[in-house]
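# Remarks on the overall topology
Here's the letter readout for the chains.
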Amino acid sequence: MKTVYVSLLAVWLLPTLANATTAAAEHPHCRDDYQTATQIMSARQQGQSLPKVLDDLQAQSNARVEAMAMRAYKLPLQELVYARETAVKEFGNAEFMRCLEQEQAKAKKKWF
């Protein structure tokens with residue numbers, strides 16, 4: 001009986017795990033944006049100045065990174081530690097989603 005449950009669980013989980021791995025491989029650019037966004041917002045929440053953050057990101061500096069930094073610095077500085085951590089994660093997620101939406105929009109344009 002245990003074998004049946006384990007087999008059913010494996011059949012149920014394998015496609016989910018395969019899709020997660022595929023999704024991770026499909027959006028490397030968006031994952032880079034997520035990392036950059038969390039780095040920028042972390043610096044923001046630590047009180048670093050915008051010019052210093054842009055100087056630190058000079059190797060990655062382009063219009064996209066500058067726009068991301070501007071969006072981060074328009075958001076308020078949080079006082080509580082957990083609020084800062086949440087702000088960093090939420091900003092990273094928002095930028096990742098922005099990137100995915102842009103990729104989807106580009107993909108739709110290719111078909112029409």
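Quick look at the structure, then. On a predicted model such as this, the values are computed, not experimentally measured, just so you know.

It is worth spelling out the packing of helix α2 (residues 28-45) against helix α4 (residues 63-73) at this point. The geometry of α2 relative to α4 is characterised by a closest axis approach of 10 Å and an angle of 40° between their N-to-C directions. By the criterion of interaxial angle, the relationship of α2 to α4 is oblique. Two packed elements cross with a definite hand, and for α2 against α4 that hand is right-handed. Packed against α2, whose contacting residues are His29, Asp33, Thr36, Ala37, Ile40, Met41, Ala43 and Arg44, the element α4 presents Arg64, Val65, Met68, Ala69, Ala72 and Tyr73 at the interface. Counted by class, the contact of α2 with α4 contains nine nonpolar, two polar and three charged residues.

A separate point is the environment of Glu66. Here Glu66 lies in helix α4. For the pair Glu66 and Leu54, spaced 12 residues apart in the sequence, the C-alpha separation amounts to 7.3 Å. Once you skip the residues sitting within four places of it in the chain, Glu66 turns out to touch Leu54 and Ser61.

This part takes up the pattern of salt bridges. Under the definition given, this model contains four salt bridges. Taking the shortest distance from any N to any O, the salt bridge between Arg64 and Asp33 comes out at 2.6 Å. Highlighted residues: Arg64 in helix α4 and Asp33 in helix α2, separated in sequence by 31 residues. By relative accessible area, Arg64 is classed as partly exposed at 29%. By relative accessible area, which is 8% here, Asp33 ends up buried. Residues Glu95 and Arg98 are paired through a salt bridge, measuring 3.6 Å at the closest nitrogen-oxygen approach. You can see Glu95 and its partner Arg98 sitting in helix α5 (residues 81-111), three residues apart, about one turn around the helix. Assessed through its relative accessible area of 4%, Glu95 is described here as buried.

About the thresholds
- Residues numbered from 1 in each chain as written.
- Predicted model: local features only at pLDDT ≥ 70, side-chain atom pairs only at ≥ 80, totals over all residues.
- Heavy atoms only, no water.
- Axes fitted to C-alpha atoms, helices over the stretch in contact; angles between N-to-C directions.
- Helix = DSSP H or I, 4+ residues; strand = E, 2+ residues; numbered from the N terminus.
- Parallel < 35°, antiparallel > 145°, perpendicular 65-115°, else oblique.
- Left-handed = near helix turned anticlockwise from the far one by under 90°.
- Contact = heavy atoms within 4.5 Å.
- Nonpolar A, V, L, I, M, F, W, Y, C, P; charged D, E, K, R; others polar.
- Salt bridge = Lys/Arg side-chain N within 4 Å of Asp/Glu carboxyl O.
- Buried < 20%, exposed > 50% of the residue type's maximum accessible area, 1.4 Å probe, protein only.

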